[in-house]
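A closer look at the structure
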Amino acid sequence: LPSFSFNVTSPDETKRALFNDVAFREAMSLAINRDELNEIAFFGLGTPQTYLGFSPVPDFAAEFVDAGTGYDPDTAMAALDGLGMVDADGDGFRDLPNGEKITLNLQFTTQGIGGEVVELVAQYWSDVGVATTVKEVTPDEYRAAQSANELDVQIWQQGTPVAIALGSSERFVPPYGSYFDHRVGMGWAEWIDSEGASGIEPPQYAMDMIADIDAFQQAVPGSAEAAEIGKRIAKNFADSYLFIGTVNAPAPIYVRNGLKNVPEFQTWSYEYYRTYPYRPTQWFLAEDN
């Protein structure tokens, strides 16, 4: 699921306070026209979806899948007004609550997200008065800046199959991914790793999720207890808008006719290295192709 997140541990304290406000993150989610985004970037084949931690979305999380995905720019602008983000200098764009200018620099790499998705989201945010710029960079540049806590907005695909979540808590604990993934909350991760000696103390919802993913992994898979805990995790993601999901669209799999014994893919996931579950060692090329 292509997702956006705001740097909740930004070194700029004014931006950090704004990015940590759930009302701001919700407003920026409501400003995104996901139906139009789906038509333009995904040929109408996707489904607008919030980010719930798990993908595909399990039954226990299904009720939250649409949370915050409605397009409501008027509500978004009213919320931004309420946060004190007004156009103080008359340049046509909102400023920070303290009057300082803000321009969201959206750096991205096509390895992690389609350029048209970023450009459209940038336009939607500009339409509600938040100035943006878009810059494509290399994957190495992006990852280095992300892990150095230098970005205002993190942009990458995000999602975890339940089977992986049962064995790895990485996507549920700050910074919510490895060096190669979508990371946010680098300062929170530092606080956790240093046992509070440095970094920024995470909010309660982040600490609750750490406890819940531990409990989820200890519960019997598929049990009512596991579903209850998983539902709590999904609701936490939906309520916090820590990751702002866009459109969940199918990833096309192209197979040459001459390549035999290739089953129909049921998942497309980095965690499975795309083809690994489908035993590519047993594929073969027909001699007459």
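Placed above this text is the structure.
Described in the following lines is the structure provided in the data block. (Residues numbered from 1 in each chain as written. Predicted model: local features only at pLDDT ≥ 70, side-chain atom pairs only at ≥ 80, totals over all residues. Heavy atoms only, no water.)

Points about the overall build of the protein
Within the protein, the secondary structure is distributed over 10 helices and nine strands. In terms of overall dimensions, the protein has C-alpha extents of about 70 × 40 × 35 Å along its principal axes. Burial analysis of the protein (289 residues in total) assigns 46% to the buried set. Of the contacts formed within the protein by residues at least 6 apart in sequence, a portion of 68% connects residues at least 24 apart. (Helix = DSSP H or I, 4+ residues; strand = E, 2+ residues; numbered from the N terminus. Buried < 20%, exposed > 50% of the residue type's maximum accessible area, 1.4 Å probe, protein only. Contact = heavy atoms within 4.5 Å.)

A short note on the sheet that holds strand β1 (residues 2-6)
Sheet architecture is open: three strands sit in the order β5-β1-β6, paired in antiparallel fashion. The open sheet terminates on both sides in strands that have one partner only, identified here as β5 (153-157) and β6 (244-245). Taken together, the five bridges between β1 and β5 define a ladder with antiparallel strand orientation. In the strand pairing of β5, F6 is matched with V153. In the packing of helix α5 (residues 115-127) onto the sheet, contacts are made with β1 and β5, and the angle to β1 comes to roughly 45 degrees. (Pairing = 2+ DSSP bridges. Axes fitted to C-alpha atoms, helices over the stretch in contact; angles between N-to-C directions.)

Examining the packing of aromatic side chains
If you walk through the whole model with that rule in mind, you get 19 aromatic pairs. Ring centres 5.6 Å apart and planes at 75 degrees place the aromatic pair F4 and W125 in the edge-to-face group. You can see F4 sitting in strand β1 and its partner W125 sitting in helix α5, a full 121 residues away along the chain. Side by side, F4 and W125 carry an identical accessibility label, which is buried. Ring centres 4.9 Å apart and planes at 70 degrees place the aromatic pair F6 and F24 in the edge-to-face group. (Phe/Tyr/Trp six-rings, centres within 6.5 Å; stacked < 30°, edge-to-face > 60°.)

Here's the deal with unusual backbone geometry
For the bond from S55 to P56, the omega torsion is -5 degrees, close enough to zero to count as cis. Following P174, the chain continues into P175 via a peptide bond in cis, with omega recorded as 10 degrees. Mapped onto the fold, P175 is located in the loop between α7 (162-165) and α8 (186-193). Positive phi, close to 55 degrees, is recorded for E195, a residue that is not glycine. Relative to the helices and strands, E195 is located in the loop between α8 and α9 (204-218). One non-glycine residue, R279, lies in the positive phi region at around 50 degrees. Structurally, R279 can be placed in the loop between β8 (259-260) and β9 (284-285).

A few points about a nonpolar patch on the surface
On the surface, a nonpolar cluster with roughly 620 Å² of combined accessible area is contributed by Y179, F180, Y270, Y273 and Y276. Counting through the fold element by element, F180 comes out in the loop between α7 and α8. With relative accessibility at 43%, the residue F180 sits in the partly exposed group. (Patch = residues over 30% accessible without salt bridge, like charges linked within 9 Å, V, L, I, M, F, W, Y side chains within 5 Å. Areas by Shrake-Rupley, 256 points an atom, 1.4 Å probe, with all protein chains shown as cover. Salt bridge = Lys/Arg side-chain N within 4 Å of Asp/Glu carboxyl O.)

A closer look at the pattern of salt bridges
Counted according to the given criterion, the structure contains eight salt bridges. Between D89 and K101 there is a salt bridge whose closest N-O contact spans 3.5 Å. With a gap of 12 residues between them, D89 in the loop between α4 (73-82) and β3 (104-108) and K101 in the loop between α4 and β3 connect regions that are remote in the sequence. With a relative accessible area of 42%, D89 lands in the partly exposed category. Classification of K101 as exposed rests on a relative accessible area of 53%. Close ionic contact of R232 with D212 constitutes a salt bridge, the shortest N to O distance being 2.9 Å. With a gap of 20 residues between them, R232 in helix α10 (residues 224-240) and D212 in helix α9 connect regions that are remote in the sequence. Here D212 falls in the buried class, since its relative accessible area comes to 9%. Residues participating in the shared-partner salt-bridge network are D89, D91 and K101.

Quick notes on the side chain of Q49
By secondary structure assignment, the location of Q49 is in the loop between β2 (47-48) and α4. Side chain to side chain, Q49 and N248 meet in a polar contact 3.2 Å long. When near neighbours in sequence (up to four residues on either side) are disregarded, Q49 contacts L1, R34, V57, V65, T69, G245, T246, V247 and N248. (Polar contact = N/O pair within 3.5 Å; in protein donor to acceptor, adjacent residues only side chain to side chain.)

Points about the side chain of R94
Inspection of the secondary structure assignment puts R94 in the loop between α4 and β3. A distance of 3.4 Å separates a polar side-chain atom of R94 from the backbone oxygen of M77. One polar contact links the side chain of R94 to the main-chain carbonyl oxygen of M85, over a distance of 2.6 Å. Excluding its chain neighbours within four sequence positions, the residues that come into contact with R94 are M77, L80, D81, M85, V86, D87, I102, V128, G129 and V130.

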